[in-house]
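Here's the letter readout for the chains.
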Amino acid sequence: MTKRSSQLFNFTLFSLLAVFMALSPAAHADRLLDKVVAVVNDQIVLQSQLQQRTQETAQELMAKQIPINSLQELQAKVLDNMILEILQKQRAKELGLSVADEEVNEQLLKIANQNQLSILQLRDRLNAQAPNGFSQFRDKLQQQILIQKLRDKEIISRTLVTQEEIDNYLQRSKLDTRSTEYHLRHILITLPESATEAQRLQARNQIDDIAQRLNQGESFSQLAVRYSKGSKALSGGDLGWLKRDQIPTFFTDALDGLEDGQTSDVISSPSGFHLIKLVETRDSSQKTITQYHLHRFMILSDQAEHDQVPLEILQLVREINSVEEFNKLKERYSDLPADLNANMDLGWKTAQEMTPALQRDIGQLAPEQMAPPVAVDNGWVLFFVEGIRQVNADEENERQQAIQAIRMRKANETFEIWLRRLKDEAFIDIRL
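Structure report, in brief.

How each quantity is defined
- Residues numbered from 1 in each chain as written.
- Predicted model: local features only at pLDDT ≥ 70, side-chain atom pairs only at ≥ 80, totals over all residues.
- Heavy atoms only, no water.
- 1 Å grid on protein atoms, 1.4 Å probe; cavity = no way out; pocket = protein on both sides within 12 Å on 5 of 7 lines; lining within 4 Å.
- Points joined across faces, edges and corners; volume = space filled by probe spheres on them.
- Helix = DSSP H or I, 4+ residues; strand = E, 2+ residues; numbered from the N terminus.
- Pairing = 2+ DSSP bridges.
- Axes fitted to C-alpha atoms, helices over the stretch in contact; angles between N-to-C directions.
- Contact = heavy atoms within 4.5 Å.
- Buried < 20%, exposed > 50% of the residue type's maximum accessible area, 1.4 Å probe, protein only.
- Nonpolar A, V, L, I, M, F, W, Y, C, P; charged D, E, K, R; others polar.
- Phe/Tyr/Trp six-rings, centres within 6.5 Å; stacked < 30°, edge-to-face > 60°.
- Lys NZ or Arg CZ within 6 Å of the ring centre and 35° of its normal.

Right, let's talk about the layout of surface pockets for a bit. Its boundaries defined by the atoms lining it, the second largest pocket holds a volume of some 560 Å³. Lining the second largest pocket are 30 residues; nearest its centre among them are Lys77, Asp80, Thr190, Lys229 and Lys423. Breaking the lining of the second largest pocket down by element, the ones donating at least two residues are α4 (71–94), β3 (180–190), α10 (220–227) and α16 (398–424).

Read from one edge of the open sheet, four strands run β4-β3-β6-β5, paired in antiparallel fashion. Each end of this open sheet is capped by a strand with a single partner; those strands are β4 (238–243) and β5 (267–269). Averaged over all neighbouring strand pairs, the angle between strand axes comes to 40 degrees, with direction disregarded. Taken together, the three bridges between β5 and strand β6 (residues 272–283) define a ladder with antiparallel strand orientation. When the bridges of β6 are listed, Ser268 appears paired with Phe273. Each of β3 and β6 touches α10; the most contacted strand, β3, lies at about 40 degrees to it.

The two faces of a sheet get side chains in turn, since along a regular strand they alternate between them. For strand β1 (residues 36–40), the tally of buried residues reaches four of five residues, placing the bulk of the element in the interior. Relative to strand β2 (residues 43–46), β1 is paired through four bridges, and the arrangement is antiparallel. Following the sheet pairing, Val39 is matched in β2 by Ile44. The antiparallel hairpin formed by β1 and β2 contains two residues in its connecting segment, where Asn41 sits at a positive phi of about 55 degrees.

Glancing now at empty space enclosed by the protein. All told, the structure shown has two cavities of 30 Å³ or more when counted by the stated rule. Roughly 170 Å³ of internal volume is contained in the largest cavity. Going through the elements one at a time, α5 (101–114), β7 (288–300) and β8 (345–349) are the ones with two or more residues in the lining of the largest cavity. Tallying contributions element by element places α5 first for the lining of the largest cavity, with five residues. Looking at the lining of the largest cavity residue by residue, the class counts come to six nonpolar, two polar and six charged. One number sums up the size of the second largest cavity: a volume of about 70 Å³.

This paragraph deals with the sheet that holds β2. On the basis of which strands lie adjacent, the open sheet formed by three strands has the order β2-β1-β12 and antiparallel pairing. The strands lining the two open edges of the sheet, one partner per strand, are β2 and β12 (428–430). Ignoring strand direction, the axes of neighbouring strands in this sheet form an average angle of 20 degrees. Where helix α3 (residues 47–63) meets the sheet, it contacts β1 and β2, and its direction lies at approximately 60 degrees from that of β2. The strands touched by α4 are β1, β2 and β12; relative to β1, the strand with the most contacts, the crossing angle is about 35 degrees.

Counting across every chain of the model gives four aromatic pairs. Relative to Trp418, the ring of Phe415 has its centre 6.0 Å away and its plane inclined at 20 degrees; by these criteria the two rings are stacked. Here Trp418 and Phe415 lie together in helix α16, a separation of three residues that amounts to about one turn. Taken individually, Phe415 and Trp418 each receive the classification buried, so the pair is uniform in this respect. In this structure, Arg282 is placed above the aromatic ring of Trp241, and the distance from its NZ or CZ to the ring centre is 4.0 Å.

Turning our attention to the pairing of β6. For β3 and β6, the ladder comprises eleven bridges, and the chain directions are antiparallel. Bridge pairing in β6 links Leu184 to Leu278. From the end of β5 to the start of β6, which pair antiparallel, there are two residues.

For the rest of this paragraph, the subject is the environment of Leu97. When you line up the elements, Leu97 lands in the loop between α4 and α5. Each C-alpha atom of the pair Leu97 and Leu146 lies 7.2 Å from the other, and the pair is 49 residues apart in sequence. Those residues in contact with Leu97, other than ones at most four positions away along the chain, are Ala92, Leu146, Lys149, Leu150 and Lys153.

Read these as layout, nothing more, since geometry by itself doesn't imply function.
Right under this line is the structure:
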């Protein structure tokens, strides 16, 4: 495991002790054990829920070495974040959106692989850090996927892309040989819709003050946590790695003049005033890669991680040599839950997107072959390779990539406005 990935799991107990003592209900025995701190439409937020989330956020910030200036300010920021999460989950429920277990499992595999762990190792590591740590992590991951689905449906899918925009994008891509990605941080001071001149002046003065403090050497991450109204504020304003075509257009001019480590001048947009910091850049050019068209089927077993592979499953691996035969496993194991193998066709995957166990065997397989069974904590997973191909990721489906890239850029420009409107249209009673 790299030093960077290990920070996902390692927290300093001593540095967190003061936070826990200040936020723990046991530190205030003379007060009520629980109370309502906010009402969001027909849902309540309890003091205990807010305290737990604030503790978790404090852990994450300290793990990233972002100082906490004020626990009260952090708690208010966390509550605002919880309200936005509730509103998005309520909206997702209205639209009938849900997340299947298979989708969560696929993301868990990717996370485990990125941290050079098996699923079992990831589970044990998280459970060692906190009681039911793996279960809590899984629940959070499921919520993240749900909110991303909501964003896709409410914003990205409704973002119109014209033929002219696609042609211009493809033309620029051919002229622009750069393959640079940008790691950005962001501070946003929002403006209400139809803001008055006094409101604009107040927001401008606040962002100017933040810019001055940054110039004097204060931490961008800490100021983002404390003042930013952006959706990534509680992660220090970290937007992650973005390609140029994913960056909002009103950021690109300011970005061109920045070097790694520098912060932009104040940027104005319909959502408010912004500051961006270019943390670093990297070359993301890709060479030809191997992809495998995979199909997946799972057979439940409580002892798979301890037992040898059953003879019945080994015989399946030897006998099945077509997708049609592999798909008939649903009929053969009809007693399994329907949603367990609802999405058998995984599409085209690179080795880097697979579990470490499957990575060891995939290079030895030919099309129309099955991989050796993979043991997981609740059963055996069977993989069938329908096809193998060599592709250039930069050229594959370039028109579809252009449409998606344009949509993502436009969505990134409007996401904060959509969140604000969602909040404005809701009944919110804060009692903190």
